[in-house]
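# Structural description and commentary
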Amino acid sequence: MKEKIYIVKNLHCGGCAGKIQGALEKLDGVDECTLDFYTKNLHFTFNKDMDGKEFLEKINKIADKIEPGTLIEEKNEEHHENEHEDNHEEGISNKEKISLGLGIGIFILSFFIKEDLYKDILLIIAYLIVGIDIVIKSFKNIFKGNFLDENFLMTVATFGAFGLGDYSEAAGVMIFYKIGEFFQDLAVENSKKSIKELMKIKPEFANVKRFDGKIEKVDPKDVKVGEIFIVKPGEKIPLDGVVVKGDSTVDTSALTGESMPVEISLDSLVLSGSINENGVIEIRATKTYSQSTVSKIIEMVQSASNKKASAEKFITKFARYYTPIVVGLAVIIGLGIPALFGNFSLWLSRALIFLVISCPCALVLSVPLTFFSSIGRGSKLGILIKGGNYLEKLTEIKEVVFDKTGTLTEGKFQVESVESVGIDESKLIEYGKAGEFYSNHPIGKAIMAYGPIEIEESNIEGYNEKPGYGVITRYKGEEILAGNMKLMKEYNIPMENMEEDNTVVYIAVENKYLGKIKVSDKIKSTSKKAIEELKNMGITPYMLTGDNEKSAFKIGKELGMSTSTIHAHLLPEDKVNIFEKIKKENSGGVIFVGDGINDAPVLAMSDVGVAMGKMGSDIAVESADVVLMNDDPYKIVELLKLARKNKRVVWENIILALGIKILVMILGVLGLADLWMAIFADVGVSILAVLNASKLLRNKAL
């Protein structure tokens, strides 16, 4: 199955976007199609090979037929770079603003004219100045077989008003429709600008230090891993790397949502997209630009709209049926009822109300914008949500399963004590360091960092890591076992059988137990608060860990967790089995939150997988549906609150839009509503719904 992304230009109608998507997803070979009205991304998933050129021509013909002038192009690097810049033809042009202002002026002037003939002439002129483009578009669309769009409906409604002699109402409705469109576009653009602000984290250049000492300004994409680049105060850090010279503070708020600057010095890890606040620093690139944090964030935010929630899909489909049904009702009211009971002009005026409010723009604009805004708000908080479908799933969550190390705890282990048996403590540390020499596990790194003893790599003759157990190493001709109690039992090492409250690494050499190294981890400052609030929200927190039970229960008790929700002594495959059991035993959705390579299978199994993005492994981040950029477990609470608020706003807009439209329809049939009320039920409600959706970006509180 192949995927392809196109960019759509000159698309100004949310309803038309839904129609284009509906037409394109019916094409042979198309498995799925999503068109995002805000990013103008058109995403296809194919179930067979397609001829690219022929397919592009076909989809352009379909789009142009639905909204004339629409142009679809293959998305290339230039589109990718400029996607969130002001380079699209959005909103109302200056020419349209001038014509709208002139039309309004003439319309107001007509009220001061007493002579009916001159008054009607001024109203017709005002109508043509403001609405001639809509009339022309409607006739063009008729010849293309597409007549149920907003242009046609507004033309028929206002022509009908002219036919009934209501010149002021016809001109006024067209003018207020255009005013509504203007404010609707303005509200949408303001929301999009907030999203565009997120994309300003992209660095423009990197100051690379060459071997001869010269500084060369280059594109971040051209910097290779291992190259040194210099960042001056006020500049963005272009790539992920390690500080090799200097110290400073960096602003990471654009990445993590945290306003407090972070102090960095020699050997500190730094993330691209951060801003260097003071001091000149030299950094060695550890990742290429395409793999760096800033590139990943931009990619995630841009592609999030491709994964639509069921509410968005429902509204898109609903809009296709809503307009024909309401237009059908208008025909029945305007022609059917007077055919039976007479009084054609009365029922025609009431039918025109149905035509005006038959455009579903309030729904097709506001519902996707709500998800769009929520994803943007999440990014501001340092929470990267990979699609609206995950936001929707988050409202069904009843259980949150946490990995322990690096998720609820800092993952920064320190050696607490060393207990040797029959040998010097320094010798035990040497054996421990030799055993953990190649380990990437935080415990192994803590042992390697302890004390002044150095290990010569040439003395290590063999190395084998057993996940969930420990390591087996040959060092200076001796076999070293360094790991947990399970490793000692598997090799039948005689020793005292007791577990500690801390994490312990047992050391055995040539099948003889020589002692243990105790390491401790610190609980993150926000972990307890996160657990408490999850419980208050009616969500059960679980903890999975490879640690021994005493150590796990000690941390769980400090966090306020029940022992029944803590699972210890787990191998990677055990985590999968326990997680499956938790899912089966609970009816609601389940989140898994983890940071390591071993967490990737469980992340993929969960209803929503959440990875720690700062310290988490690349594979965990790739497997996850949500990424927490600052590794803060409390962000889970904020994520769930955001999802619930998103759902509330979606339903507010659906009820607002449909409720007012249905109310005005009923009032119209009863003769209690006019075209002015119909215009409010159309563009007025659209504006209110868009403003309601965009508040997710503006409001601080969740």
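Here's what I pulled together on the structure shown here. (Residues numbered from 1 in each chain as written. Predicted model: local features only at pLDDT ≥ 70, side-chain atom pairs only at ≥ 80, totals over all residues. Heavy atoms only, no water.)

## What to know about the sheet that holds strand β8 (residues 241-245)
A sheet is described by the order of its strands in space; here six strands give the open sequence β6-β5-β7-β13-β8-β11, paired in antiparallel fashion. At either margin of the open sheet sits one strand with a lone partner, and together these are β6 (215-218) and β11 (269-270). Sheet topology places β8 next to β11; two bridges connect them, and they run antiparallel. Pairing of V242 across the sheet is with L269, part of β11. (Pairing = 2+ DSSP bridges. Helix = DSSP H or I, 4+ residues; strand = E, 2+ residues; numbered from the N terminus.)

## Focus on the packing of aromatic side chains
In this structure the tally under the stated criterion is 15 aromatic pairs. When the ring of Y6 is compared with that of F44, the centres are 5.7 Å apart and the planes differ by 85°; the resulting orientation is edge-to-face. Linking Y6 in strand β1 (residues 2-9) with F44 in strand β3 (residues 41-46), this pair joins segments that are 38 residues apart in sequence. As far as the burial class goes, Y6 and F44 line up, both buried. Relative to W676, the ring of F176 lies with its centre 5.3 Å away and its plane at 80°, an arrangement referred to as edge-to-face. Residue F176 is found in helix α7 (residues 167-198), and its partner W676 is found in helix α24 (residues 675-698); the two are separated by 500 residues along the sequence. Residue F176 is classed as partly exposed on the basis of its relative accessible area, which comes to 38%. Under the relative-accessibility criterion, W676 is labelled partly exposed at 32%. What links up through ring pairs into an aromatic cluster is the set Y6, F44, F46 and F55. Taking the ring centre of F205 as reference, the NZ or CZ of K217 above it sits at 4.4 Å. (Phe/Tyr/Trp six-rings, centres within 6.5 Å; stacked < 30°, edge-to-face > 60°. Buried < 20%, exposed > 50% of the residue type's maximum accessible area, 1.4 Å probe, protein only. Lys NZ or Arg CZ within 6 Å of the ring centre and 35° of its normal.)

## Observations regarding the pattern of salt bridges
According to the stated counting rule, one finds 22 salt bridges in the structure shown. Here E419 ties to K518 by a salt bridge, and the two come within 3.5 Å at their closest N and O atoms. You can see E419 sitting in strand β16 (residues 414-420) and its partner K518 sitting in strand β21 (residues 512-520), a full 99 residues away along the chain. Classification of E419 by relative accessible area gives partly exposed; the value is 35%. We classify K518 as buried; its relative accessible area is 15%. Between K695 and E652 there is a salt bridge whose closest N-O contact spans 3.6 Å. Remark: E652 occurs in helix α23 (residues 635-669) and K695 occurs in helix α24; sequence separation between them is 43 residues. Judged by its relative accessible area of 32%, E652 falls in the partly exposed class. The structure contains a network of salt bridges with shared partners spanning R210, E216 and E227. (Salt bridge = Lys/Arg side-chain N within 4 Å of Asp/Glu carboxyl O.)

## Remarks on the nonpolar core
Of all hydrophobic cores here, the largest spans 97 residues; its most connected members are I385, V400, I591, V610, I636 and L640. For this core, the element with the highest residue contribution is α23, accounting for 13 residues. Ignoring any residue separated from it by four or fewer positions in sequence, one finds I636 in contact with V400, F402, L534, V593, V610 and L628. Counting residues in each nonpolar core, the second largest holds 41 residues, with V208, L239, I297 and V627 among its members. (Core = buried A, V, L, I, M, F, W, Y, C linked by side-chain atoms within 4.5 Å. Contact = heavy atoms within 4.5 Å.)

## Examining a nonpolar patch on the surface
Together, I108, L109, F111 and F112 line one region of the surface with nonpolar side chains, adding up to about 460 Å² of accessible area. Here F111 lies in the loop between α4 (94-110) and α5 (116-143). (Patch = residues over 30% accessible without salt bridge, like charges linked within 9 Å, V, L, I, M, F, W, Y side chains within 5 Å. Areas by Shrake-Rupley, 256 points an atom, 1.4 Å probe, with all protein chains shown as cover.)

## Section: α24
Because an α-helix packs 3.6 residues into every turn, residues spaced three or four apart end up facing the same way. Taking 1.5 Å per residue, 24 residues should reach 34 Å; α24 reaches 33 Å between its end C-alpha atoms and fits that length. Approximately 35° is the largest bend angle found in α24, and it occurs at A681. Along α24, 17 of the 24 residues are buried, which leaves the element largely enclosed by surrounding structure. Two or three places before W676, at the opening of α24, D674 has a side-chain oxygen 3.2 Å from that residue's backbone nitrogen. (Expected span 1.5 Å × (residues − 1). Bend = angle between axes of the 7 residues up to and from the residue. Polar contact = N/O pair within 3.5 Å; in protein donor to acceptor, adjacent residues only side chain to side chain.)

## Some thoughts on the sheet that holds strand β19 (residues 478-483)
Strand order in the open sheet formed by six strands is β16-β21-β20-β19-β18-β17, and the pairing between neighbours is antiparallel. Of all the strands in the sheet, just β16 and β17 (460-466) have a single pairing partner and so form its edges. Pairwise comparison of adjacent strand axes, ignoring direction, gives a mean angle of 20° for this sheet. Pairing geometry for strand β20 (residues 503-509) and β21, over seven bridges, is antiparallel. The residue of β21 that forms the bridge with A508 is Y513. (Axes fitted to C-alpha atoms, helices over the stretch in contact; angles between N-to-C directions.)

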